[in-house]
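Given next are the chains, with one letter for each unit.
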Number of protein chains: 2
Amino acid sequence: MCTIPADTAQIIETSLITALEDRGLRKTTARAAVTQRIELAGDAFTAEQLCRELPEVGRATVYRTIRHLVDAGALCKLPILDGAPMYSVARVEHHHHTICSRCGAVGEFRHSTVERVMRSLEKEIDGDIVGHRMEIFITCNQCLAAIAEGESHD
Amino acid sequence: MCTIPADTAQIIETSLITALEDRGLRKTTARAAVTQRIELAGDAFTAEQLCRELPEVGRATVYRTIRHLVDAGALCKLPILDGAPMYSVARVEHHHHTICSRCGAVGEFRHSTVERVMRSLEKEIDGDIVGHRMEIFITCNQCLAAIAEGESHD
DNA sequence: CTTTTAATTGATATTGAGTATCAATAAGGA
DNA sequence: TCCTTATTGATACTCAATATCAATTAAAAG
Ligand SMILES: [Zn+2]
Ligand SMILES: [Zn+2]
Ligand SMILES: [Zn+2]
Ligand SMILES: [Zn+2]
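What you see is a predicted model, and the numbers here were worked out from it, not measured in a lab. (Residues numbered from 1 in each chain as written. Chains lettered and ligands numbered in written order. Predicted model: local features only at pLDDT ≥ 70, side-chain atom pairs only at ≥ 80, totals over all residues. Heavy atoms only, no water.)

Here we look at the relation of the copies chain B and chain A
What counts is decided by this rule: For the least-squares superposition of copies, only C-alpha atoms count, and only for residues with pLDDT at least 70 in both. Any two residues whose heavy atoms approach within 4.5 Å at even a single point are treated as in contact.
The two copies are related by a screw operation: chain B maps onto chain A through 180 degrees of rotation and 0.0 Å of translation along the axis, at an RMSD of 0.1 Å. In the structure described here, the two chain copies are related by an operation that fits a two-fold rotation axis. Residue methionine 134 of chain B of chain B places its C-alpha closer to the rotation axis than any other residue of that unit, at 2.1 Å. The fraction of interface residues of chain B whose copies in chain A are also interface residues reaches 100%, indicating that both copies meet through the same surface.

Okay, here's the thing in structure tokens:
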């Protein structure tokens, strides 16, 4: 969750392991393995995916490390309605996500108008606004291309 | 998920059991019990809550009925990041939700500006937009009152 | 470079949400 | 009423995620 921010995007800590150290956590081999894997692959992922890809790291540790990264604000936890949440690296402080309904690819976007509208909703809504979340579901360009391709001879 | 709608709210089927019959499903005692309970209580709920409150209906049936209602568009399924999804009765066709972070109360809102911004984002975003979702997290008036109350002597 | 101390790990057991199975039951049309 | 088919629900199961706790390891201190 996120409070309504000023309109200048703050760039977040680049190295995930550093984000953990900044929180007073020790730099261990397990944590290095997890954070490196996340940084190298780049894509959004689920906890179980990470466990499969890092059999040398215990499942509990993978889950714990992910939780720490989310707490540190270095990872976004995206609710997926039917299934396990996905995680993606946070690059700017407040943003929203695009999710491709077909392949699950996750993108980050930030748009001042959206935030302006949020502020304007304060009047319309009962109670105090403490945060908001928004996801835009898309068919990504890659999937569009694949569809166009397949459509002709599938 | 929802496609970007015209700006006139369509009011949805009032009776949940009718929504099921409209889909060619039989009117059974189990389904009547589930839909009545949902309508009478009014609040958002989780599947497990319903199961507990309706011990005379089998757990599988509760889950199945909820799924039918969601498919029919009569219920919204709200992703809750740490925990089971919540369900709330849909009253107008396209809308978004307010969720009280403290008590979990769910509200529905609809605001033309939000939808207008969504349309304007089509240019900014790679790929085809197929839908969107938005939740505003609040502290509801009831909770604000409770906090003010408690603050003085807790 | 030890020693010491507390954080961390990970195998295992456990919880919890949700689904698959399938024989018994109930709806509703003929 | 009878017949056909949908529905039910007890049970077993899957899958994600967490709790437990003895063994390990990081890093601070000496
Ligand atoms: Zn993000
Ligand atoms: Zn925002
Ligand atoms: Zn709703
Ligand atoms: Zn909308």
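That covers the picture; the talk isn't over yet.
Notes on the sheet that holds strand 4 (residues 106–109) of chain B
Let me state the cut-off plainly: Should DSSP find at least two bridges between two strands, the strands are regarded as paired. To qualify as a helix, a DSSP run of H or I must reach at least 4 residues; to qualify as a strand, a run of E must reach at least 2; elements of each kind are numbered from the N terminus. Between N-to-C directions, angles cover 0 to 180 degrees, with each direction set by a line fitted to C-alpha atoms, over the stretch in contact for helices.
Strand order in this open sheet of six strands is 4(A)-3(A)-5(A)-5(B)-3(B)-4(B), and the pairing throughout is mixed. Strand pairing shows two members of the sheet lacking a second neighbour, strand 4 (106–109) of chain A together with strand 4 of chain B, which therefore form its edges. For this sheet the average axis-to-axis angle between neighbouring strands, irrespective of direction, equals 25 degrees. Sheet strands touched by helix 6 (residues 141–151) of chain B: strand 5 (128–139) of chain A together with strand 3 (96–100) and strand 5 (128–139) of chain B. Its angle to strand 5 of chain B, the strand with the most contacts, is close to 25 degrees.

A closer look at the interface of chain B and chain A
Applied cut-off: Once two parts are joined, some of their accessible surface, as seen by a 1.4 Å probe, is lost; buried area is that loss totalled over both. Here a salt bridge means any side-chain nitrogen of Lys or Arg lying within 4 Å of a carboxyl oxygen belonging to Asp or Glu. For the purposes of these results, a polar contact is taken to be a pair of N or O atoms within 3.5 Å, where, inside protein, one atom must be able to donate a hydrogen and its partner to accept one; residues adjacent in sequence count only when each atom of the pair is a side-chain atom. Residues were grouped as follows: Ala, Val, Leu, Ile, Met, Phe, Trp, Tyr, Cys and Pro as nonpolar; Asp, Glu, Lys and Arg as charged; and all remaining residues, including Gly, as polar.
Counting from both sides, the interface comprises 34 residues of chain B and, opposite them, 34 residues of chain A. Both faces combined, the contact of chain B with chain A buries some 3,100 Å², and carbon together with sulfur accounts for 65% of it. Taken as a group, Leu81, Arg133 and Phe137 of chain B account for 23% of the area that chain B buries against chain A, more than any other trio of residues on that side. For the pair chain B and chain A, the interface holds four salt bridges. Of the charged contacts, one joins aspartate 82 of chain B and lysine 77 of chain A as a salt bridge, the two residues approaching to 2.9 Å between their closest N and O atoms. Between the two partners, chain B and chain A, sit 14 residue pairs in polar contact (both at pLDDT 80 or more). Mapped by element, the contributors of at least two residues to the side of chain B that touches chain A are strand 1 (75–78), helix 5 (112–124), strand 5 and helix 6 of chain B. A total of 12 residues in the side of chain B that touches chain A trace back to one element, the largest contributor, which is strand 5 of chain B. Residues of the side of chain B that touches chain A, tallied by class, amount to 18 nonpolar, nine polar and seven charged.

Regarding the coordination of the zinc ion (ligand 1)
Put simply, the rule reads: Distances decide who is a donor: an N, O or S atom must be within 2.8 Å of the metal, or within 3.2 Å for Na, K and Ca. Water is not included, so sites may look incomplete.
Protein coordination at the zinc ion (ligand 1) comes from Cys76 of chain A (SG), His95 of chain A (NE2) and His97 of chain A (NE2), with a distance range of 1.8 to 2.2 Å. Within one chain, the residues donating to the zinc ion (ligand 1) are spaced in sequence as C-x18-H-x1-H.

Brief notes about the packing of helix 5 (residues 112–124) of chain A against helix 5 of chain B
Helix-helix packing is characterised by the crossing angle of the two axes and by the distance between the axes. Our working rule: Roughly parallel means an angle under 35 degrees; roughly antiparallel, over 145; roughly perpendicular, 65 to 115; everything else is oblique.
Two numbers describe how helix 5 of chain A lies on helix 5 of chain B: the axes approach to 10 Å, and their chain directions differ by 180 degrees. The orientation of helix 5 of chain A relative to helix 5 of chain B falls into the category roughly antiparallel. On the side of helix 5 of chain A, the interface is formed by Thr113, Val114, Val117 and Leu121 of chain A, while helix 5 of chain B contributes Thr113, Val114, Val117 and Leu121 of chain B. The residue inventory of the contact of helix 5 of chain A with helix 5 of chain B, partitioned by class, reads six nonpolar, two polar and no charged.

As for the coordination of the zinc ion (ligand 3)
Residue and element names in this part refer to chain B. Inclusion rule: Only protein chains enter the accessibility calculation, which uses a 1.4 Å probe; a residue whose area is less than 20% of its type maximum is buried, one above 50% is exposed, and one in between is partly exposed.
The protein atoms that coordinate the zinc ion (ligand 3) are Cys76 (SG), His95 (NE2) and His97 (NE2), at distances spanning 1.9 to 2.2 Å. Mapping the donors of the zinc ion (ligand 3) onto the primary sequence gives the spacing C-x18-H-x1-H. With cysteine 76 in strand 1 and histidine 95 in the loop between strand 2 (86–89) and strand 3, this residue pair connects regions lying 19 residues apart in the sequence. For the pair formed by cysteine 76 and histidine 95, the shared burial category is buried.

Quick look at the protein's contact with DNA strand D
What counts is decided by this rule: Note on definitions. A residue lies near a molecule or strand when any single heavy atom of the residue is within 4 Å of it.
What surrounds DNA strand D is a group of 19 residues, the closest being Tyr63 and Pro85 of chain A together with Thr28, Arg31 and Arg64 of chain B. Between DNA strand D and threonine 28 of chain B, the relevant distance is 2.5 Å, taken from a phosphate oxygen to a side-chain nitrogen or oxygen of the residue. Within the residue set of the surface near DNA strand D, elements represented by two or more residues are helix 3 (47–53) and helix 4 (59–71) of chain A together with helix 2 (29–41) and helix 4 (59–71) of chain B. If one sorts the elements of the surface near DNA strand D by residue count, helix 4 of chain B sits on top with three residues. Broken down by class, the residue content of the surface near DNA strand D amounts to eight nonpolar, three polar and eight charged.

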